[in-house]
Amino acid sequence: MFLALLAVIYIYNGHYADKTIRNINQTAKQVKELQYEYKTVKSEVMFRSKQSELAKAVEPLGLKELTVAPVVLRDTIASDER
């Protein structure tokens, strides 16, 4: 009776190990796919955030890139108090 119980436990352990290995392999595959997706999205964001790409994207909105230097505004009252 004891040996039969040990045999059942041994068989169960083998099946459990196989199931665990399949789950690990499936999870590893999902992780690889998510890594590929992350890299793809990251490269797309990097490409779209370039200055030339941003200028193209906002052109339909009527926004244009500055061609002259920005004007610096200074507070005359704050400079008098120094």
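Keep in mind that this is a model prediction, so the values were computed, not measured.

Definitions and limits used
- Residues numbered from 1 in each chain as written.
- Predicted model: local features only at pLDDT ≥ 70, side-chain atom pairs only at ≥ 80, totals over all residues.
- Heavy atoms only, no water.
- Salt bridge = Lys/Arg side-chain N within 4 Å of Asp/Glu carboxyl O.
- Helix = DSSP H or I, 4+ residues; strand = E, 2+ residues; numbered from the N terminus.
- Buried < 20%, exposed > 50% of the residue type's maximum accessible area, 1.4 Å probe, protein only.
- pLDDT = per-residue confidence, 0-100.
- Phe/Tyr/Trp six-rings, centres within 6.5 Å; stacked < 30°, edge-to-face > 60°.

**Section: the pattern of salt bridges**
The full count for this structure, using the stated rule, is two salt bridges. Put simply, Glu44 and Arg48 hold a salt bridge, and the shortest N to O gap is 3.4 Å. With Glu44 and Arg48 both in helix H1 (residues 2-48) and four residues apart, the pair spans about one turn of that helix. Exposure remark for Arg48: the relative accessible area of 54% places this residue in the exposed category. Where Lys56 meets Glu53, a salt bridge forms, and the shortest distance between an N and an O atom there is 3.6 Å. With a gap of three residues between them, Lys56 and Glu53 both fall in helix H2 (residues 51-58), about one helical turn apart. For Lys56, a relative accessible area of 54% corresponds to the exposed category.

**Things to note about the confidence of the model for the protein**
In this model, the protein carries a mean pLDDT of 91, and residues with pLDDT of at least 70 account for 94%. For the protein, per-element mean pLDDT is lowest for helix H3 (residues 76-80), which scores 68, and highest for H1, which scores 97.

**A short note on the packing of aromatic side chains**
Taken as a whole and assessed by the stated rule, the structure comprises one aromatic pair. Aromatic pair Tyr12 and Tyr16: ring centres 6.1 Å apart, planes at 25 degrees, arrangement stacked. Placement of the pair is Tyr12 and Tyr16 together in helix H1, with a separation of four residues, close to one helical turn. Accessibility expressed as a relative area gives 56% for Tyr12, which makes it exposed. For Tyr16, a relative accessible area of 48% corresponds to the partly exposed category.

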